[in-house]
Amino acid sequence: MRLGPIDLYKTLPATNCGDCGQPSCLAFATQVVGYGHEVTECPHLEEAKIQKIEQVLMRQREKGVYLKKENHKITRDHLKEKIKNHNFKAISTGLKVGYSVEDGVEALKIPYFGRVVTMRHTGIVRDNVEEFDPWDEVLLYNYIFFSGSKPLRGIWVGLENFPNSLPKRAALEEGCQRRINQVFAGAPRELEEACRKLDGIPVADGHSADLAYRFQPLPKMPLLLLFWDEDREEGFDAQSKILFDEYALEYLDLEGLTFVAEKLAQNLISIKTKKEELNV
Ligand code: SF4
């Protein structure tokens, strides 16, 4: 099932009240479907409806369906140009990525969410195995463009610890932590199963969370997911938090950090959704 702007519009209250910051419900639907705005920005939708819409949107966004790619393309092409003169051999060690020369052509091999992406000076080599979300490409070019080499600090911090992160905190909460809370509330074992499928490593010490998993979406970009399950008797909702290494900004900008955390959430939720579909 695909959800286009008109399909989404039909599920909205159609009052054009403007509480979402858009002039009309149709404008809002267009922003959500085409430009990645969150459906939760409309405060007049029931939770059950939000969850259904988010599940469909998540699947089609993964495939880039309906997303207006112009902005992504501009950013991607800009970064692609920028890395053309990078010294791949010199930066490969600091980024902890592979370096090879095949038929006289230099390439970097970048482990990324369980796959290995080949990047040449001319751009990412498409392996025809899986379509890339355009934002994945932006992220990967950014990682190479930053060419970080500073050793990670080994200290976990929240996004709020980074300078000028205020505008991105809401995106992280809405696009990542809140979605994990909604989907995995009361289902910590399912979250654990999904974490393991994504090669997450349990972290036992130093955290009060019910569940703590470390992930390595990019070689120098570890993430720590903390999850506290709901306690209905005590009236506590599920909570989660994504932490980054204190030196993460050496490797990606704030946009990249938010995206990589959202991608992690998407992947975890996809695993649960696919399992449920198989069980139907
Ligand atoms: S807040 Fe909801 S109901 Fe109001 S204009 Fe936006 S989408 Fe329509």
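Structure shown above.
Residues numbered from 1 in each chain as written. Predicted model: local features only at pLDDT ≥ 70, side-chain atom pairs only at ≥ 80, totals over all residues. Heavy atoms only, no water.

Caption draft 1: Local environment of the sheet that holds strand S4 (residues 123–124). As summarised here, the arrangement of the four strands in space is S1-S2-S3-S4, forming an open sheet in which the pairing is antiparallel. Each edge of the sheet is formed by a strand with only one pairing partner; in this case those strands are strand S1 (98–102) and S4. As defined by bridge partners, strand S2 (residues 105–112) adjoins strand S3 (residues 115–120) across five bridges and the pair is classed as antiparallel. Note on S3: the bridge partner recorded for Tyr 112 is Arg 115. Helix-sheet contacts for helix H6 (residues 134–146) involve S2, S3 and S4, and the interaxial angle to S2 is about 115°. (Pairing = 2+ DSSP bridges. Helix = DSSP H or I, 4+ residues; strand = E, 2+ residues; numbered from the N terminus. Contact = heavy atoms within 4.5 Å. Axes fitted to C-alpha atoms, helices over the stretch in contact; angles between N-to-C directions.)

Caption draft 2: View of the pattern of salt bridges. All chains considered together, the criterion is met by 12 salt bridges. With a shortest N-O distance of 3.5 Å, Glu 102 and Lys 109 are connected by a salt bridge. Close ionic contact of Glu 230 with Arg 232 constitutes a salt bridge, the shortest N to O distance being 3.2 Å. Judged by relative accessible area, which is 24%, Glu 230 ranks as partly exposed. Residue class for Arg 232 comes out exposed when judged on its relative accessible area of 72%. Salt bridges sharing common partners tie together Glu 47, Glu 174 and Arg 178. (Salt bridge = Lys/Arg side-chain N within 4 Å of Asp/Glu carboxyl O. Buried < 20%, exposed > 50% of the residue type's maximum accessible area, 1.4 Å probe, protein only.)

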